[in-house]
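Architecture at a glance
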Amino acid sequence: IWFAEVMRSVHTVPRFGEQRPVAEVLVGSRALLIDRKGSLWIGTLGDGLRRVVDPTGMRGRVAQFGPGAEQFSAKDGLLSSVVNALLEDREGSIWVATDRGLERFREGVFTPIPTSGPIRRRFVVGTRDSAVWSGAFNLSGIVRYGPRGQDTIPTDFFVTNIVEDSSGIVWTVSGTRIVQYQGSRLNIVPRSGTTNRTLIGITVDRAGTVWLFDQGFGLLRLTRDS
């Protein structure tokens, strides 16, 4: 049982004879909601919304601005930080009534995935194994997001784009180099032709032919004697 007190906090009420310690979120509130997924929503009277994704695992106190409860207030886009009522509808949306209007929270179509390093524009490529590859402008390294997690493939060059061929090999280029990613390593493709190139783009057509774009020479096709 969760209990909201305006002048104290939001806390559990122990049942008779229960030995479990009281769980407490240190914000005053008069609007509580436990949604169909079991998350606890708290509407405060000046600090916006709090959400505890799994309140069953809470023990002891959660600070007013601690990491134990997610926070969303006027500075994050809420109409007002004074929340008067909460409601979950039949579709699972959470309605928040503030002193400035009514807002709806619902599951987003996209799930954000944080990336490390400074903010840069990125390219994103999906491969047949359900992985997503990404690289950032003016930063070395490629990040691969797969079904089993994320791994970073270090490079000593800036990656501008990658492409996958019909056999599942991933290709990229950098300056004079054509690079393949096979297994868990990057391999330089040996070439017998001129090395005076500035390669900035690569793609593979349906027939398996590798096409390159060179900054000085234009469109090129990779052949066995290139």
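One structure accompanies this document, and this report is about it. The shown structure was predicted, so the numbers you read here are calculated from the model rather than taken from an experiment.

What follows is about unusual backbone geometry. For Ser 130, which is not glycine, the phi dihedral falls at a positive 75 degrees. Here Ser 130 lies in the loop between strand 12 (122–126) and strand 13 (132–136). When its relative accessible area of 57% is taken as the criterion, Ser 130 is described as exposed.

Ranked by size, the top nonpolar core spans 13 residues in total, and within it Trp 171, Val 173, Ile 178, Leu 199, Ile 202, Val 210 and Leu 212 carry the most contacts. Secondary structure elements with two or more residues in this core: strand 17 (170–174), strand 20 (199–204) and strand 21 (210–214). Looking at which element gives the most residues to this core, the answer is strand 20, with 3 residues. The residues touching Val 173, leaving out its near neighbours within four places in the chain, are Phe 157, Phe 158, Thr 160, Asn 161, Ile 178, Leu 199, Ile 200, Gly 201, Ile 202 and Leu 212.

This part covers the environment of Gln 19. By the element assignment, Gln 19 lies in the loop between strand 2 (10–12) and strand 3 (23–25). Looking at Gln 19, the relative accessible area reads 72%, which means it is exposed. Between the alpha carbons of Gln 19 and Gly 135 there is a distance of 52 Å; along the sequence they are 116 residues apart.

Turning our attention to the packing of aromatic side chains. Within this structure, the stated rule accounts for 3 aromatic pairs. A ring pair is formed by Trp 133 and Tyr 181, whose centres lie 5.0 Å apart and whose planes are at 80 degrees; its orientation type is edge-to-face. Separated by 48 residues along the polypeptide, Trp 133 in strand 13 and Tyr 181 in strand 18 (residues 177–182) bring together distant segments of the chain. Judged on exposure class, the residue Trp 133 and its partner Tyr 181 are both buried.

Time to look at the environment of Ser 167. Position of Ser 167 relative to the elements: it lies in the loop between strand 16 (162–164) and strand 17. The exposure class assigned to Ser 167 is exposed, which follows from its relative accessible area of 55%. Ser 167 sits 39 residues away from Arg 128 along the chain, and the two C-alpha atoms are 10.0 Å apart. Among the polar contacts made by the side chain of Ser 167, one reaches the side chain of Asp 165 at a distance of 2.8 Å.

The subject of this paragraph is the pairing of strand 21. With burial as the criterion, only one face of strand 21 is covered, namely that bearing Val 210, Leu 212 and Asp 214; the residues Trp 211 and Phe 213 on the opposite face remain uncovered. Where strand 20 and strand 21 come together, 5 bridges link them in antiparallel fashion. Within strand 21, the residue paired with Ile 202 across the bridge is Leu 212. In this structure, the hairpin formed by strand 20 and strand 21 is closed by a connection of 5 residues, where Gly 208 is found at a positive phi of approximately 95 degrees. Two strands pair when backbone bridges link them, and strand 21 and strand 22 (residues 218–221) are joined in this way by 4 bridges, in the antiparallel orientation. Residue pairing for strand 22: Phe 213 is matched across the bridge by Leu 219. Where strand 21 folds back on strand 22, the antiparallel hairpin that results is connected by 3 residues.

Taken together, the 4 strands give an open sheet; going across it, the order is 16-17-18-19, and neighbouring strands pair in antiparallel fashion. On the outer flanks of this sheet lie strand 16 and strand 19 (185–188), each paired with one strand and no other. When the angles between neighbouring strand axes are averaged without regard to direction, this sheet yields 30 degrees.

This paragraph deals with the side chain of Gln 180. Position of Gln 180 among the secondary structure elements: in strand 18. The buried category is assigned to Gln 180, whose relative accessible area is 14%. With sequence-adjacent residues up to four places away left out, Gln 180 is seen in contact with Ile 169, Val 170, Trp 171, Arg 185, Leu 186, Asn 187 and Val 189.

Applying the stated rule across the entire model yields 8 salt bridges. Across the salt bridge formed by Arg 36 and Glu 88, the nearest N and O atoms sit 2.9 Å from each other. Taken together, the residues Arg 36 in the loop between strand 4 (29–34) and strand 5 (40–44) and Glu 88 in strand 9 (residues 83–88) connect sequence positions 52 residues apart. When its relative accessible area of 53% is taken as the criterion, Arg 36 is described as exposed. Here Glu 107 and Lys 37 are joined by a salt bridge, their closest N and O atoms 2.7 Å apart. Of this pair, Glu 107 sits in the loop between strand 11 (101–105) and strand 12 while Lys 37 is found in the loop between strand 4 and strand 5, placing the two residues 70 residues apart along the sequence. We classify Glu 107 as exposed; its relative accessible area is 63%.

Conventions we followed
- Residues numbered from 1 in each chain as written.
- Predicted model: local features only at pLDDT ≥ 70, side-chain atom pairs only at ≥ 80, totals over all residues.
- Heavy atoms only, no water.
- Helix = DSSP H or I, 4+ residues; strand = E, 2+ residues; numbered from the N terminus.
- Buried < 20%, exposed > 50% of the residue type's maximum accessible area, 1.4 Å probe, protein only.
- Core = buried A, V, L, I, M, F, W, Y, C linked by side-chain atoms within 4.5 Å.
- Contact = heavy atoms within 4.5 Å.
- Phe/Tyr/Trp six-rings, centres within 6.5 Å; stacked < 30°, edge-to-face > 60°.
- Polar contact = N/O pair within 3.5 Å; in protein donor to acceptor, adjacent residues only side chain to side chain.
- Pairing = 2+ DSSP bridges.
- Axes fitted to C-alpha atoms, helices over the stretch in contact; angles between N-to-C directions.
- Salt bridge = Lys/Arg side-chain N within 4 Å of Asp/Glu carboxyl O.

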